[in-house]
Each structure stands twice: as structure tokens, then as C-alpha cells.
Amino acid sequence: MPCWYYEKKDLVNTPAGKAGLDPETEARYRREGARFIIDCGTKMGLRYDTMASGVVFFHRFYMYHSFTDFPRYVIATCCLFLAGKVEETPKKCKDLVKAAHSLLPDRHIATFGEDAREEVLTHERILLQTIKFDLQVEHPYSYLLKYAKSLKGDKDKLQKISVIRCLTCIPHRHGT
């Protein structure tokens, strides 16, 4: 299985950077893609772990490809589509495309082409090859819950201090 941990030099020398995209723009594209996956997933009624897996697939994909080569909202939709299958919360491709179109301005909808469903399905194959069919994503939430349960003291206070704070800090810290 591939190693999905990167050193700082790898994070600086991404395919987007090599293609001439400045780091601030790449970071913005990553945040926008992650936010779109969460917004689209929420609109579709998906669980948070499904959306989080979609975000992970999105970031993994763009560690191998440039934002200049693949439209980010099409890839984000693919990632959410695949994450739904992986996390056993599948949604129909046409429903995801419909939700995506409702969230995006016309200029981004145009990147889906004439047959958006087919575009998503085609890019899904590219996504799977890119991430080397490694569909395992280990989320931190189960570990945080175990840790919170191991703490002694007033349960209400501990829950507010540890779990809720951690769950709200982690996604924002990583731009998701």
C-alpha cells in the first residue's frame, strides 16, 4: 500500500506548484474543494465520515495531479461519489451531480461538460488509479472518543472540553 504521509519538501513541491500555481492559490483550491465536498455531502444527507473520506481522496489525488490538469469540482464530486461507496452510504451519481450543480456558479458547472454524469464516472476511474485503489482511510474520531471516555471527572464538562473542542478544531485546522 502507498504511504500517504508526506514530508514538508513534498508538500512544497506538489504537481500544482510544478505547473506554476502559486502556493496560496493551491491552498485556496484545496480549501474550496474540501468545503464543497462537505457542503455537497451535507446537502445529500451523508455522514461525516463519508465526507471526511471524500476530502482525504481529494487531497491524495492532487498530490499526484495538478489543479491545472483536472477540474477541482469534478474531482471533488468524484471523491464524494467514491467515498459514498467506500463508507457504505452510496448515492446515485446523477443525484450528486444535481446537488453539485445547485451549489456551484455557472463557470464551475461548465467544467462538468455536456454529460456531467459520464464526466464524473470517467474521472472516478482516474481517481481510483491515482490513489492506487487504496480505499482505507483511518479517521481520528474513534481515537478521540476512546480518549474522552478514558478521562475521569464530570462527564458533561469533559465532553465539552475534550471531544467537542477536538472535533471542531481538527477539521478547521486542516481546511476541511
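Residues numbered from 1 in each chain as written. Predicted model: local features only at pLDDT ≥ 70, side-chain atom pairs only at ≥ 80, totals over all residues. Heavy atoms only, no water.

Q: What is the right way to look at helix 6 (residues 93-103) in this model?
A: Residues that lie three or four places apart on an α-helix share one face, since the helix turns once every 3.6 residues. Taken as a whole, helix 6 has its buried residues at Cys93, Leu96, Val97, Ala99 and Ala100. Axial view of helix 6: buried residues confined to an arc of 160 degrees, hence all on one face. Exposed residues lying more than 90 degrees from the buried face of helix 6 are Lys94 and Lys98. Buried residues in helix 6 make contact with helix 3 (23-43), helix 5 (72-86) and helix 8 (116-130). (Buried < 20%, exposed > 50% of the residue type's maximum accessible area, 1.4 Å probe, protein only. Helix = DSSP H or I, 4+ residues; strand = E, 2+ residues; numbered from the N terminus. Arc of directions from axis to C-beta. Contact = heavy atoms within 4.5 Å.)

Q: Is there a simple way to explain helix 3 in this structure?
A: Spanning 21 residues, helix 3 covers 30 Å between terminal C-alpha atoms, matching the ideal 30 Å at 1.5 Å per step. Close packing links the buried residues of helix 3 with helix 2 (15-18), helix 4 (48-61), helix 5 and helix 6. Downstream of helix 3 by a residue or two, glycine 45 has a phi angle that is positive, lying close to 75 degrees. (Expected span 1.5 Å × (residues − 1).)

Q: Where do I start with the nonpolar core in this structure?
A: Note that soluble globular proteins tend to have their nonpolar side chains buried in a common cluster. Counting 44 residues, the largest nonpolar core has Phe57, Phe58, Phe112 and Leu127 as its most contacted members. Among the elements of the structure, helix 3, helix 4, helix 5, helix 6 and helix 8 are those that each provide at least two residues to this core. Among all residues touching phenylalanine 58, those that are not within four sequence positions of it are Tyr29, Arg30, Gly33, Ala34, Ile37, Phe67, Arg72, Ile75, Ala76 and Cys79. (Core = buried A, V, L, I, M, F, W, Y, C linked by side-chain atoms within 4.5 Å.)

Q: Is there a simple way to think about unusual backbone geometry in this case?
A: Backbone phi values are negative for most residues with the exception of glycine, while trans is the configuration of most peptide bonds. Its identity is not glycine, yet glutamate 88 carries a phi of approximately 60 degrees, on the positive side. Its identity is not glycine, yet phenylalanine 133 carries a phi of approximately 55 degrees, on the positive side. Within the secondary structure, phenylalanine 133 is located in the loop between helix 8 and helix 9 (141-150). Among the residues examined, phenylalanine 133 registers a relative accessible area of 53% and is labelled exposed.

Q: What is the right way to read the side chain of threonine 50 from this model?
A: Relative to the assigned elements, threonine 50 resides in helix 4. Accessibility expressed as a relative area gives 0% for threonine 50, which makes it buried. For threonine 50, the contacting residues outside a window of four places in its chain are Leu80, Ala83, Gly84, Glu87 and Thr89.

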